Amino acid sequence: MQKNRKKQGKQHLRSEGGKKGMKEQVELTCVAMNEEGRGIAKHSGSDVIIQGMITGEVAIVELTRRRGFYTGKIVKLLSKSKDRVQPPCPYYEACGGCQLQHLSYEGQALYKHDFVSKLMTKYGYTEPILKMETPFAYRNKCQAAFGEDKRGNIISGIYQEYSHRLVSIERCLIQDPQADAIINTIRGLMPSFKMRAYNEDFGKGFLRHVLVRKGFASGEIMVVMVVTEHKFQFKNHFIEALLKVHPEITTVVMNINDRDTNMVLGNAEKVLYGKGFIKDTLCGIEFTLSPRSFYQINPAQTARLYQRAIEMAALTGKETVIDAYSGIGTISLSLAKKAKQVIGVELNKDAVKDAINNAKNNKINNVRFVQGDAGAFMVKMADHNEKVDVVFMDPPRGGSDERFLASVAKLKPEKIVYISCNPVTQKRDLEYLIGRGYKVEEIQPVDMFPHTFHVETVVKLQRQNP
Ligand code: SAH
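Residues numbered from 1 in each chain as written. Predicted model: local features only at pLDDT ≥ 70, side-chain atom pairs only at ≥ 80, totals over all residues. Heavy atoms only, no water.

### A closer look at the side chain of Asn 184
Now for step 1: Structurally, Asn 184 is set in helix 4 (residues 177–189).
Now for step 2: For Asn 184, a relative accessible area of 19% translates into the label buried.
Now for step 3: Setting aside its immediate chain neighbours within four residues, Asn 184 contacts Ser 156, Ile 169 and Glu 170. (Helix = DSSP H or I, 4+ residues; strand = E, 2+ residues; numbered from the N terminus. Buried < 20%, exposed > 50% of the residue type's maximum accessible area, 1.4 Å probe, protein only. Contact = heavy atoms within 4.5 Å.)

Below, the structure written as structure tokens:
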């Protein structure tokens, strides 16, 4: 039987069902993992994408054919990778927020490193990925959706990936434990305050989400209760009861979201306790964080990422630096001391406001922030023949646009430090810059989000042509 199986390669083991929803079981070998950490195997000349399968593993897989491509589910593993572990989280499969918990942390690091290294191979050596020492409880921003189960009990947790099913979660291993404890306390207090959880189907109920934000350096904690209406019954008693259990909370904000939307936060806000914001320190700079401020969620790794990026720029103190896609100014302010002047460009108005305040509060005078599209701003700079020595860029997952890249090429900075949360779009943009006289000199992956497929990469480009 074994010999026969080997000979046939992918053996058909079982077929069932009618024409519609035909399921087949076949034996497949995982030949690689895709950018979302899913296994890839070959069947009848097509790729089969299999969640939870590791390169080199052999398994009996149940196939589903959808719109011309296959997805597969492991029925039985026939040979296991040495990197396979029992996922430490009991909700791992139901939740979907993490995708790599079936891999040891070493195995995850290897997968991420290999993924970047293969993608970037033509540009040279990829440095070993910067791993976390303790890859758990790293998230400083924790969020739980509230709802009811079939019996009407209040539950809190995470919406299953690609679905409207709320998975009840007591403890998420990548979130801060104090944040989980606060969320659980709120859930426990609700019945005695007659507070109902929001019901998505009927659009009824009060509490939709709880967001907990913690300054890991400062210890300050902000709780945001996202509710459906301004009227918060027994508000003072509720806050009092919450603070009694969690005196560590420094501020509580009520956010009103009465729309039928997937967005967590609504537009109206009311501070219920404390100042309405928290402070935190990153790379020696103090930042003020309000409920909506964009702030990297893994501060320990963010500090390493920024240090590495700033190191790549080898600043002497004489440079004019642009920090494009600057958020609340974290990169601009972290490198300000090392440059002559820094200009941060950011589209989001609130983030720019935060950035200006952060510069002021830290008494940093050689940085200015511009609100607008980074591409449009760069075109203006290029049209005015402004001199720029170094460009830092940290665009969203989709990468940069041609307008931005074309004006960078026109501005001709000596160095470009490109930070990306999506190496695939980063590579596309690197191709463009290489075609305009730049050379990749350093490639550094950083593990900002252990147990998920996400990988951050910093690439240094140096101008070649005079
Ligand atoms: N560098 C920051 C933020 C990176 S996230 C940090 O490390 O914290 C990417 C940022 O790009 C977001 O703040 C987003 O609002 C901003 N952004 C998106 N499109 C933009 C555009 N076209 N021009 C300028 N900023 C943009």
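### Re the pattern of salt bridges
Now for step 1: Per the stated rule, a full pass over the model turns up 22 salt bridges.
Now for step 2: With its nearest N and O atoms 2.8 Å apart, the salt bridge here joins Glu 442 to Arg 308. Taken together, the residues Glu 442 in strand 21 (residues 438–446) and Arg 308 in helix 6 (residues 299–313) connect sequence positions 134 residues apart.
Now for step 3: Here Lys 460 and Glu 441 are joined by a salt bridge, their closest N and O atoms 3.0 Å apart. In this pair, Lys 460 sits in strand 22 (residues 456–463) while Glu 441 sits in strand 21, placing the two residues 19 residues apart along the sequence. (Salt bridge = Lys/Arg side-chain N within 4 Å of Asp/Glu carboxyl O.)

### Quick word on the side chain of Gln 301
Now for step 1: Along the polypeptide, Gln 301 turns up in helix 6.
Now for step 2: Judged by its relative accessible area of 2%, Gln 301 falls in the buried class.
Now for step 3: Apart from the residues lying within four places of it in its own chain, the contact partners of Gln 301 are Leu 130, Lys 131, Met 132, Val 446, Asp 447 and Met 448.

### So, the environment of Leu 272
Now for step 1: Relative to the elements of secondary structure, Leu 272 occurs in strand 13 (residues 268–273).
Now for step 2: Considering only alpha carbons, one finds Leu 272 and Val 388, 116 residues apart in sequence, at a separation of 45 Å.
Now for step 3: Setting aside anything within four residues of it in sequence, one finds Leu 272 in contact with Phe 232, Lys 235, Ile 239, Val 252, Val 253 and Met 254.

### Points about the domain arrangement of the protein
When the parts of a complex come together, some accessible area is lost, and that lost area is often used as the size of the interface.
Now for step 1: Structurally, the protein comprises domain 1 (2–81), domain 2 (107–133 + 298–463) and domain 3 (141–282).
Now for step 2: With centres defined by C-alpha atoms, the gap from domain 2 to domain 3 works out at 33 Å.
Now for step 3: With eight residues of domain 2 at the contact, the number on the domain 3 side is four residues.
Now for step 4: Between domain 2 and domain 3, a total of about 430 Å² is buried, with carbon and sulfur atoms accounting for 79% of that surface.
Now for step 5: Here domain 2 is connected to domain 3 by zero salt bridges.
Now for step 6: In this assembly, domain 2 and domain 3 are joined by zero residue pairs in polar contact (both at pLDDT 80 or more).
Now for step 7: A total of four residues in the side of domain 2 that touches domain 3 trace back to one element, the largest contributor, which is helix 6.
Now for step 8: Residues that form the side of domain 2 that touches domain 3 fall into these classes: four nonpolar, four polar and no charged. (Domains from an automatic or database assignment. Buried area = accessible area lost by both parts, 1.4 Å probe. Polar contact = N/O pair within 3.5 Å; in protein donor to acceptor, adjacent residues only side chain to side chain. Nonpolar A, V, L, I, M, F, W, Y, C, P; charged D, E, K, R; others polar.)

### Some points on the packing of helix 10 (residues 402–411) against helix 11 (residues 423–434)
Now for step 1: In the contact formed by helix 10 and helix 11, the axes pass within 10 Å of each other and the chain directions differ by 35°. Relative to helix 11, helix 10 is oriented so that their crossing is right-handed. Residues Glu 402, Leu 405, Ala 406 and Val 408 of helix 10 lie in contact with helix 11, whose contacting residues are Asp 429, Tyr 432 and Leu 433.
Now for step 2: Taken together, the residues of the contact of helix 10 with helix 11 sort by class into five nonpolar, no polar and two charged. (Axes fitted to C-alpha atoms, helices over the stretch in contact; angles between N-to-C directions. Left-handed = near helix turned anticlockwise from the far one by under 90°.)

### Looking at the site of the ligand
Now for step 1: Taken together, 16 residues surround the ligand, and among them Tyr 306, Glu 346, Asp 373, Ala 374 and Asp 394 come closest.
Now for step 2: A distance of 3.2 Å separates a nitrogen atom of the ligand from a polar backbone atom of Leu 347.
Now for step 3: For the ligand, a nitrogen atom lies 2.9 Å from a polar atom in the side chain of Asp 394.
Now for step 4: Here the ligand, which alone exposes 570 Å², has 84% of that area covered by the protein. (Near = heavy atom within 4 Å. Areas by Shrake-Rupley, 256 points an atom, 1.4 Å probe, with all protein chains shown as cover.)

### Things to note about helix 9 (residues 374–383)
Residues that lie three or four places apart on an α-helix share one face, since the helix turns once every 3.6 residues.
Now for step 1: Within helix 9, the full set of buried residues consists of Ala 374, Gly 375, Phe 377, Met 378, Met 381 and Ala 382. Buried residues of helix 9, viewed axially, fall in a sector of 160°; they line one side. Residues of helix 9 that are exposed and point over 90 degrees away from its buried face: Lys 380 and Asp 383.
Now for step 2: Tucked into the core, helix 9 has its buried residues touching strand 16 (320–324), strand 17 (341–346), strand 18 (367–371), strand 19 (390–393) and helix 10.
Now for step 3: Just downstream of helix 9, Asn 385 is the residue with a positive phi angle, here 50°. (Arc of directions from axis to C-beta.)

### Remarks on the sheet that holds strand 22
Now for step 1: Pairing in this open sheet of seven strands is mixed, and the strands run 18-17-16-19-20-22-21 from one edge to the other. Sheet topology places strand 18 and strand 21 at the edges, where each strand pairs with a single neighbour. Strand-to-strand twist across the sheet, computed as the mean angle between neighbouring axes with direction ignored, equals 15°.
Now for step 2: The sheet contact formed by strand 19 and strand 20 (residues 415–420) spans four bridges and is parallel. In the strand pairing of strand 20, Val 390 is matched with Lys 415.
Now for step 3: Where helix 8 (residues 349–361) meets the sheet, its contacts fall on strand 17 and strand 18, and the angle it forms with strand 18 comes to roughly 170°. (Pairing = 2+ DSSP bridges.)

### Brief notes about the sheet that holds strand 10 (residues 207–214)
Now for step 1: Within the open sheet, the seven strands sit side by side as 9-8-7-10-11-12-13. Their pairing is mixed. Lying at the two open borders of the sheet, with one neighbouring strand each, are strand 9 (166–168) and strand 13. Here the strands of the sheet are splayed against their neighbours by 35° on average, with no regard to which way each runs.
Now for step 2: Of the strands in this sheet, strand 7 (141–148), strand 8 (154–159), strand 10 and strand 11 (221–227) are in contact with helix 4, which crosses strand 10 at around 150°.

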